[in-house]
Amino acid sequence: MTPTIRVQRDDFDLQAETTLLSKGKPGIGAIVTFTGLCRDEGGTLSALELEHYPGMAEAEMLRIANLAIERFELKGLTAIHRYGKIAAGENIVLVIAAAPHRQAAFDGANFVMDYLKTSAPFWKKEHAKDGKSGDWIAAKDSDDSARDKWK
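Reference entry: report on the structure contained in this document. All figures in this text were calculated on a predicted structure; none of them were measured in a lab. (Residues numbered from 1 in each chain as written. Predicted model: local features only at pLDDT ≥ 70, side-chain atom pairs only at ≥ 80, totals over all residues. Heavy atoms only, no water.)

### A few points about the overall build of the protein chain
A count of helical and extended segments in the protein chain gives four helices and eight strands. Going from the N terminus to the C terminus, the protein chain shows its helices and strands as β-α-β-β-α-β-β-β-α-β-β-α. Split into buried and exposed, the 151 residues of the protein chain put 42% on the buried side. Expressed as a percentage of contacts within the protein chain between residues at least 6 apart in sequence, the contacts between residues at least 24 apart total 77%. Of the roughly 8,300 Å² of accessible surface on the protein chain, 50% is carried by carbon and sulfur atoms. (Helix = DSSP H or I, 4+ residues; strand = E, 2+ residues; numbered from the N terminus. Buried < 20%, exposed > 50% of the residue type's maximum accessible area, 1.4 Å probe, protein only. Contact = heavy atoms within 4.5 Å. Areas by Shrake-Rupley, 256 points an atom, 1.4 Å probe, with all protein chains shown as cover.)

What follows is the structure in structure tokens.
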């Protein structure tokens, strides 16, 4: 099973991606989707600017996806991460995990997100509503802890 991995500027369509992943796969008993959105941080943030390391980001996403497929015996996996300036309320990332049973699909999607947040070369910069460009967002210890539970 080959996962679908994309890094793209344009938005994605959750329903179209889910249909594409599941079509013709009668062994799927559960599909879990996760969509990460740009939040407005209590009304102070207008957008996030996301950058990535082209080629390396896709390779790391593929590595993570293949680990999840093997570990949770997934029957389908899609991971899409956007880059560029993304306004509050817009989509940033999509993970779809398909498995014969629900727990494997939930765990597979969670595993992929925990590793994407800590291992894939993406960087976020805040843009405030007052027009000021903020700092690049630092990694969080809590993200590392979430990833480490899978070891």
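And the narrative resumes.
### Quick word on the pattern of salt bridges
This model, assessed by the stated rule, comprises ten salt bridges. With its nearest N and O atoms 2.9 Å apart, the salt bridge here joins Asp148 to Arg147. On the basis of relative accessible area, Arg147 is assigned to the buried category, the value being 15%. A salt bridge links Asp148 to Lys151, with the nearest nitrogen and oxygen atoms 3.5 Å apart. When its relative accessible area of 36% is taken as the criterion, Asp148 is described as partly exposed. Salt bridges here are not isolated pairs; linked through shared partners, they connect Asp144, Arg147, Asp148 and Lys151. (Salt bridge = Lys/Arg side-chain N within 4 Å of Asp/Glu carboxyl O.)

### Quick word on the pairing of strand β4 (residues 76–82)
Burial analysis of β4 places seven of its seven residues in the buried class, the great majority of the element. Residues Gly76, Thr78, Ile80 and Arg82 point to one face of β4 and Leu77, Ala79 and His81 to the other, with burial holding for every one of them. Where strand β1 (residues 4–8) meets β4, five bridges bridge the pair, whose relative direction is parallel. Along β4, the bridge assignment pairs Gln8 with Arg82. Strand direction decides the pairing type here: β4 and strand β6 (residues 91–99), joined by six bridges, are antiparallel. Residue Gly76 lies in a different strand from β6, and its bridge partner there is Ala98. (Pairing = 2+ DSSP bridges.)

### A closer look at the environment of Ala65
Along the chain, the position of Ala65 falls in helix α2 (residues 56–72). Take Ala65: its relative accessible area is 1%, and that puts it in the buried class. When the C-alpha atoms of Ala65 and Leu48 are compared, they prove to be 25 Å apart, with 17 residues separating the residues in sequence. Filtering out sequence-adjacent residues up to four positions away, Ala65 remains in contact with Pro3, Ile5 and Leu77.

### Here we look at the side chain of Asp143
With respect to the element layout, Asp143 can be found in helix α4 (residues 141–148). According to the relative accessible area criterion, Asp143 is buried, its value standing at 18%.

### Digging into the pairing of β6
Side-chain direction in a regular strand flips from residue to residue, so the side chains alternate between the two faces of the sheet. For β6, the tally of buried residues reaches nine of nine residues, placing the bulk of the element in the interior. Sheet analysis places strand β2 (residues 30–37) next to β6, joined by eight bridges and oriented antiparallel. Within β6, the residue paired with Leu37 across the bridge is Asn91.

### Some remarks on unusual backbone geometry
Located in the positive-phi region is Glu41, a residue other than glycine, with phi close to 50°. A relative accessible area of 38% means that Glu41 is categorised as partly exposed. With a phi close to 55°, Glu73 is a non-glycine residue in the positive phi region. Within the secondary structure, Glu73 is located in the loop between α2 and β4. Judged by relative accessible area, Glu73 falls into the exposed class, the value being 58%.

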